[in-house]
Amino acid sequence: MLWQKTLAQPLSFSGIGLHSGRSVNVTIAPAGANHGLRFVRADLPGKPEILAHYTRVVNTTRATTLGEGGFTLSTVEHLLAALRGLGVDNARIKVEGPELPIMDGSAAPFSGLLTAAGLRQLPWPRAYILIRKPVEFKQGDQWMRVSPGKPSITYTIDFTHPLIRRQRYSVSLGTESFCSEIAPARTFGFLKEVQHLQNQGLALGGSLDNAVVLDDNGVLNPGGLRFPEECVRHKILDAVGDLALLGLPLLGRLEVGRGSHELHCTFLQLLMRQETAWRVWVPTPQARQRQSAWLQTPLWGGAPA
Ligand SMILES: [Zn+2]
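A short tour of the structure in this document, coming up. The shown structure was predicted, so the numbers you read here are calculated from the model rather than taken from an experiment.

### Brief notes about the overall build of the protein chain
A count of helical and extended segments in the protein chain gives eight helices and 20 strands. For 305 residues, the compact-globule formula gives about 19 Å, and the C-alpha radius of gyration of the protein chain, at 19 Å, lands near that figure. On the principal axes, the C-alpha backbone points of the protein chain span a range of 60 × 45 × 35 Å. Expressed as a percentage of its 305 residues, the buried residues of the protein chain come to 54%. Long-range pairs, those at least 24 residues apart, make up 74% of the contacts in the protein chain between residues at least 6 apart in sequence.

Below, the structure written as structure tokens:
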């Protein structure tokens, strides 16, 4: 809780990109305090870098896409969820392609790799965004609210599909609960949608190996669901990943209704603009002495807009 963390050693993996259908190599290397989570497009000349920050979000259709200086990187949310879920503050993530591998559609492969690599504490205090006042945002039938309290996420979804309908799930945020309750939940889609996307040349890597696919009656995956409410748990996973774009862990109670990447990212911008609703907080007095020095660091990626 008190000190920033990074990986104990580098780790590498590869997997299929959901949209391109092509294999992508990824290496995650340890990084020093206040470096933040940064992606590197290792396949491009000059290996451009991008900070995982809400000010760098350029697209939120179906996945969260970051962009800077004319290049983009898609589907960052599941890996970011694993990094934040396990408490990794600093890492350099080199990706040899335009999107992160989809793996099995969940964050469990990532949290497994990170756990196996091990984490290392850094000699700098971790700062948090402490919520002081409730902030709420509504957009049609979607809504999102944050209020002071112990860190937790409560998510509600509502689909007409007979297997989903209304699902609600609540989790207090911690490494153990993230790894056991949230990380294994896979992304989900509807067969009609998948066919439509593939006709447009999208989701070419999509299969029953990396998503829960539903037809009009039920689940097509031979193994069925991992949890009865796997869909809403996956929405929490997406929220944890998008929330990582704050740059600092959030100390507050988050509630979301019928959310999407677009709602999550719009809400982060709105929250950061309401500067009286939160403050940057460091838990111990000894650590607080270093807070002013910390605020000079580039972890924010610039002051909130
Ligand atoms: Zn997702």
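Alright, that's what it looks like, and here's the rest.
### Observations concerning the environment of Gly201
Here Gly201 shows up in the loop between α4 (191-199) and β17 (212-214). With 182 residues separating them in the primary sequence, Gly201 and His19 have C-alpha atoms 7.9 Å apart.

### Brief notes about the nonpolar core
Counting residues in each nonpolar core, the largest one holds 76 residues, and the members touching the most others are Ile28, Phe39, Leu80, Leu245, Phe267 and Leu271. When neighbours within four sequence positions are excluded, Phe267 is seen to be in contact with Val135, Glu136, Phe137, Met144, Arg145, Val146 and Leu254.

### Examining the coordination of the zinc ion
The coordination sphere of the zinc ion contains the protein donors His78 (NE2), His234 (NE2) and Asp238 (OD), at a distance range of 2.1 Å. Donor residues for the zinc ion, ordered by position in the chain, follow H-x155-H-x3-D. Here Asp238 lies in helix α5 (residues 230-243) and His78 lies in helix α1 (residues 77-86), a separation of 160 residues in the sequence. For the pair His78 and Asp238, one class covers both residues: buried.

### Re the sheet that holds strand β14 (residues 152-158)
Read from one edge to the other, the open sheet built from five strands follows the order β12-β13-β19-β14-β15, with strand pairing classed as mixed. Bordering the open sheet on either side are β12 (135-139) and β15 (166-172), each of which pairs with just one other strand. Strand-to-strand, the axes of this sheet are offset by a mean angle of 5°, without reference to chain direction. The pairing of β14 with β15 spans seven bridges and is antiparallel. Across the sheet, the residue bridging to Thr156 is Arg168, located in β15. Across the face of the sheet, helix α6 (residues 261-273) comes into contact with β12, β13 (142-147), β14 and β19 (253-257) while running at roughly 140° to β12.

### Some thoughts on the packing of α1 against helix α3 (residues 175-182)
Interaxial distance between α1 and α3 falls to 8 Å at its minimum, and their mutual angle equals 145°. The residues of α3 that touch α1, namely those facing Ala81, Ala82, Gly85 and Leu86, are Thr175, Phe178 and Cys179. Along the lines of polarity and charge, the residues of the contact of α1 with α3 split into five nonpolar, two polar and no charged.

### A look at the packing of aromatic side chains
Counting across every chain of the model gives four aromatic pairs. Where Phe159 meets Phe188, the ring centres are 5.8 Å apart and the plane angle is 85°; that geometry is what we call edge-to-face. Linking Phe159 in the loop between β14 and β15 with Phe188 in strand β16 (residues 188-190), this pair joins segments that are 29 residues apart in sequence. Among the residues examined, Phe159 registers a relative accessible area of 28% and is labelled partly exposed. What makes Phe188 buried here is its relative accessible area of 17%. Ring centres 5.8 Å apart and planes at 45° place the aromatic pair Phe159 and Phe190 in the tilted group. With Phe159 in the loop between β14 and β15 and Phe190 in strand β16, this pair connects stretches of sequence that are 31 residues apart. Here Phe190 falls in the buried class, since its relative accessible area comes to 18%. The residue whose ring lies beneath Arg233 is Phe227, and the NZ or CZ to ring-centre distance is 3.7 Å.

### Notes on α1
Most of α1 is tucked away, with 10 of its 10 residues classed as buried. Buried residues of α1: Glu77, His78, Leu79, Leu80, Ala81, Ala82, Leu83, Arg84, Gly85 and Leu86, and no others. Once α1 finishes, Gly87 follows within two positions and takes phi at roughly 85°, a positive value.

Rules used throughout
Residues numbered from 1 in each chain as written. Predicted model: local features only at pLDDT ≥ 70, side-chain atom pairs only at ≥ 80, totals over all residues. Heavy atoms only, no water. Helix = DSSP H or I, 4+ residues; strand = E, 2+ residues; numbered from the N terminus. Rg over C-alpha atoms; globule rule 2.2 N^0.38 Å. Buried < 20%, exposed > 50% of the residue type's maximum accessible area, 1.4 Å probe, protein only. Contact = heavy atoms within 4.5 Å. Core = buried A, V, L, I, M, F, W, Y, C linked by side-chain atoms within 4.5 Å. Donors = N, O, S within 2.8 Å, 3.2 Å for Na, K, Ca; no water. Pairing = 2+ DSSP bridges. Axes fitted to C-alpha atoms, helices over the stretch in contact; angles between N-to-C directions. Nonpolar A, V, L, I, M, F, W, Y, C, P; charged D, E, K, R; others polar. Phe/Tyr/Trp six-rings, centres within 6.5 Å; stacked < 30°, edge-to-face > 60°. Lys NZ or Arg CZ within 6 Å of the ring centre and 35° of its normal.

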